[in-house]
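Below are the chains, spelled out letter by letter.
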Amino acid sequence: MSVPLVELDNLTVRFHGERTVHAVNGVSFTLKAGETLGILGESGSGKSVTLKTLLRLLPENRTEIGGGVRVDGADILKLEGRALADHRGGTASMIFQDPMLALDPVYTIGEQIAEAVIRHEGVSSAEGMARALDMLTRVRIPSPERRLKAYPHEMSGGMRQRAMIALALACRPKLLLADEPTTALDATVQIQILLLLRDLQREFGMGMIFVTHDIGVAVEVSDRVAVMYAGEIVETGSVRDLIRDPRHPYTKGLLAANLHGAVKGARLHAIPGAPPALAEAPKACSFAPRCPVKVSGCDINRPPSVALGEARQVRCVLAAPAPGA
Amino acid sequence: MLTYIAKRLLHTLPVAFGVSIVCFLLVHIAPGDPLTSVLPPDASAQLQAEMRKIYGFDRPLPVQYGLWVLKTLQGDLGVSIATGRPVASELSRALGNTLMLAVLATLIGFILGSMFGFVAGYFRGSWLDKLASFVSIIGVSVPHYWLGMVLVIIFSVQLNWLPATGAGPGGSADWVWDWVHIKHLILPAVTMSVIPMGIVARTVRALVADILSQEFIVGQRAKGLLDLGVFRHVVKNAAPTALAVMGLQLGYLLGGSILIETVFSWPGTGFLLGQAIFQRDLPLLQGTILVLAMFFVALNLIVDVVQTMLDPRVQRS
């Protein structure tokens, strides 16, 4: 098997400030070329931080990153200056949650896409604009010639996100990082953007990491899903396995806490309690205080990540096959 | 864009009207008789009445105003009571001198101020930021006439490098662009530039710090832009506000340079205004205030139009 497109090896991210936050605590996964991984988790679970590490977009001066990050064979944590800038937007690029905030308000969409192409491919500005037009057409924006000269505030939310996607894909990256790209959109627009992303991902043959807190969205686009909790991946598996047979109590809780099949008038299922504050690195199972099936030892030792077959792992003592079995 | 400019021009008409009324009334409300300065103290009541009639001060105020506006529109600002020369020609000479001084001071102030502002905004919290902020606070708060005198003591009296007063050798000779004349311009321009420098620096620092904290800067980095490319985005986002501040500062300097022009005996509008006030020279005072106020109105118009051209979001709202 060839080298994976993305290889995360025991990634840890700590933010130093008034107080230290252990945002990511030992995350490992691999992504093959052309594969889509969904990272599922609630706010503060470290999913966006993990994603931003792949472009080194976290504030340098107060972030401490440990472990290994390799994308397309390159050691991302060692990249500096121009090599890092070549990686960003060239090999890997990102779609942000709110394109209104992520696009520069005083440049036109065309200028902003062309700028990236000119930067990475050294083409003329006319060629850059031609590529911008081509990209806007590919993301199926209506009347792309006119949108080329439009400013972000002159477009609708869905159109802005299409423009953002056009910008991200303009330099044909091998890896697309999507940070909750549909969260800020209307439900009807969400599904259009998801379908578009899935189509483009196949068309361009990119690997994609898709971060979301919406199980439905993760299921829609992903080949594999990783569930994150308190800066750790608690369970990984194919979409099918994860939905049909969740093994980690947190995943089970998440799947139970949805509206499908809910009885009117009855209380909805919810996971009691709240995630830990992450002021220090986890020594035991982070989910233990909220876990309905906690056994002795969960509060003392960190559970190992148990492999349950190819590409399926669970970080829970109960998931381990019984000794001698 | 053209319709926007036309609309904006129409908007300035009522402002100009209001300004002209205020100019006219202010001078008349002020205590003191304009004739005391030209007539001997023991002039007879008959002579006083005659002079009043000649200058038109005997008519009702609205009529005086109407006549004044009518003449002003034809470019006739009346005759100076003190010198007997037409106000328009006195004013145009002084205006040229002031414009030169104010524009140069604003340019120096803007260039230095935005430099300090960018450095401070980019390196917020560092000693560079503190140094730049210190300099800009001094610029805003130091009394500039005092600074002018200090500079004169250092560079004219002690070092004897630059002339202390006037706009050329021999006092109020006509301006020529040669080194002898430019030497006269340096001290007043530098003194005056300290105010816009401080204000621009503080504005730009706040702007840059705000822009750098916005997510689209991360977006630009995520695109792979190098620092210089990101800097371009910061500049274009900061430009509309910074230029607006600069335009308004130019307006203040045009009208508010009485102290500096007096310290340096610079034959500009501020100097002229000072003279007109002390001599109760009503036509000269009215004319000068009106023209300066109109400059301010025009500058506001230009600032608005430029801002609209630079910032695509302004036009819609």
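Going by the structure above, here's the rest.
Now for a quick tour of the structure. Small disclaimer: the values here were computed from a predicted structure and weren't measured.

**Let's talk about the overall build of chain A**
Part 1: Along the backbone of chain A there are 11 helices and 12 strands.
Part 2: Projected onto its principal axes, the C-alpha coordinates of chain A cover approximately 65 × 50 × 45 Å.
Part 3: Looking at chain A residue by residue over its 325 residues, the buried ones come to 51%.
Part 4: Once local pairs closer than 6 in sequence are excluded, the contacts in chain A between residues at least 24 apart make up 64%.
Part 5: Counting every atom, chain A has about 14,800 Å² of accessible surface; 53% of that belongs to carbon and sulfur.
Part 6: Averaging the locations of the 37 positively and 35 negatively charged side chains of chain A gives two centres separated by 4 Å.

**A short note on helix α8 (residues 215-222) of chain B**
Part 1: Residues B:Phe216, B:Ile217, B:Gly219, B:Gln220 and B:Ala222 constitute the buried set of α8(B).
Part 2: Next to the buried residues of α8(B) lie α3 (99-102) and α4 (109-121) of chain A together with α7 (179-212) and α9 (227-255) of chain B.
Part 3: Backbone geometry just after α8(B) places B:Gly224 at a positive phi near 100°.

**Section: the interface of chain A and chain B**
Part 1: In this assembly, 24 residues from chain A lie in contact with 20 residues from chain B.
Part 2: Taken over both partners, the interface formed by chain A and chain B buries close to 2,100 Å², and the fraction arising from carbon and sulfur atoms is 60%.
Part 3: Of all residues in chain A, A:Val106, A:Tyr107 and A:Glu115 give up the largest surface area on contact with chain B, accounting jointly for 28% of the area buried on that side.
Part 4: The interface formed by chain A and chain B contains 11 residue pairs in polar contact (both at pLDDT 80 or more).
Part 5: No other element matches the five residues that α4(A) contributes to the side of chain A that touches chain B.
Part 6: Split by residue class, the side of chain A that touches chain B holds 13 nonpolar, four polar and seven charged.

**Looking at α4(A)**
Part 1: For α4(A), spanning 13 residues, the distance from its first C-alpha to its last is 18 Å, which sits close to the expected 18 Å at 1.5 Å a residue.
Part 2: Regarding α4(A), the residues found buried are A:Ile109, A:Gly110, A:Gln112, A:Ile113, A:Ala114, A:Glu115, A:Ala116, A:Val117 and A:Arg119.
Part 3: Each element contacted by the buried residues of α4(A) is listed here: α2 (81-87), α5 (125-138), α6 (144-148) and α7 (157-169) of chain A together with α8 and α9 of chain B.

**Quick look at the packing of aromatic side chains**
Part 1: As enumerated under the stated definition, the model contains 10 aromatic pairs over all chains in all.
Part 2: Between B:Tyr122 and B:Phe231 the ring centres are 6.0 Å apart and the planes differ by 45°, which places this aromatic pair in the tilted class. Of this pair, B:Tyr122 sits in helix α4 (residues 87-122) while B:Phe231 sits in helix α9, and the two are 109 residues apart along the sequence.
Part 3: Three or more aromatic residues joined by ring pairs make a cluster, and in this case those are A:Tyr229, A:Tyr250 and A:Phe287.
Part 4: Seen from the ring of A:Tyr107, B:Lys236 lies directly overhead, with NZ or CZ sitting 4.6 Å from the centre.

About the thresholds
- Residue numbers restart at each chain and count upward from 1, following the sequence in its written direction.
- Key to labels: chains lettered from A, ligands numbered from 1, both in the order written.
- Reporting in this predicted model follows two pLDDT cut-offs: at least 70 for local features of residues, and 80 or more for side-chain atom pairs to be given and counted; totals over whole chains, interfaces and linings ignore these cut-offs and use all residues.
- Heavy atoms throughout the structure, all of them, feed into the side-chain values; hydrogens and water do not.
- The secondary structure listing takes helices from DSSP runs of H or I that are at least 4 residues long and strands from runs of E that are at least 2 residues long, numbered from the N terminus.
- Each residue is assigned to one of three classes by its accessible area relative to the maximum for its type, calculated with a 1.4 Å probe on protein chains only: buried under 20%, partly exposed between the two thresholds, exposed over 50%.
- We call two residues contacting when some pair of their heavy atoms lies within 4.5 Å.
- The method behind every accessible area is Shrake-Rupley, applied with a 1.4 Å probe, and residues are considered shielded solely by the protein chains displayed.
- His is not counted, nor are the chain ends; Lys and Arg add positive charge and Asp and Glu add negative charge.
- The atom standing in for a charge is NZ when the residue is Lys, CZ when it is Arg, CG when it is Asp and CD when it is Glu.
- By definition, the buried area sums, over both parts, the 1.4 Å-probe accessible area that each loses when the two are put together.
- Nitrogen and oxygen atoms within 3.5 Å of one another constitute a polar contact, given that in protein one can donate a hydrogen and the other can accept it, and given that sequence-neighbouring residues count only through two side-chain atoms.
- Under the convention adopted here, Pro, Cys and the residues Ala, Val, Leu, Ile, Met, Phe, Trp and Tyr are nonpolar, Asp, Glu, Lys and Arg are charged, and Gly plus all remaining residues are polar.
- By this rule, a helix spans an expected 1.5 Å times one less than how many residues it contains.
- The pairing test for Phe, Tyr and Trp rings, Trp by its six-membered ring, is centres within 6.5 Å, and the orientation test on the planes gives stacked under 30 degrees, edge-to-face over 60, and tilted for anything in between.
- Consider the ring centre and the ring normal. A charge sits over the ring if Lys NZ or Arg CZ is within 6 Å of that centre and within 35 degrees of that normal.

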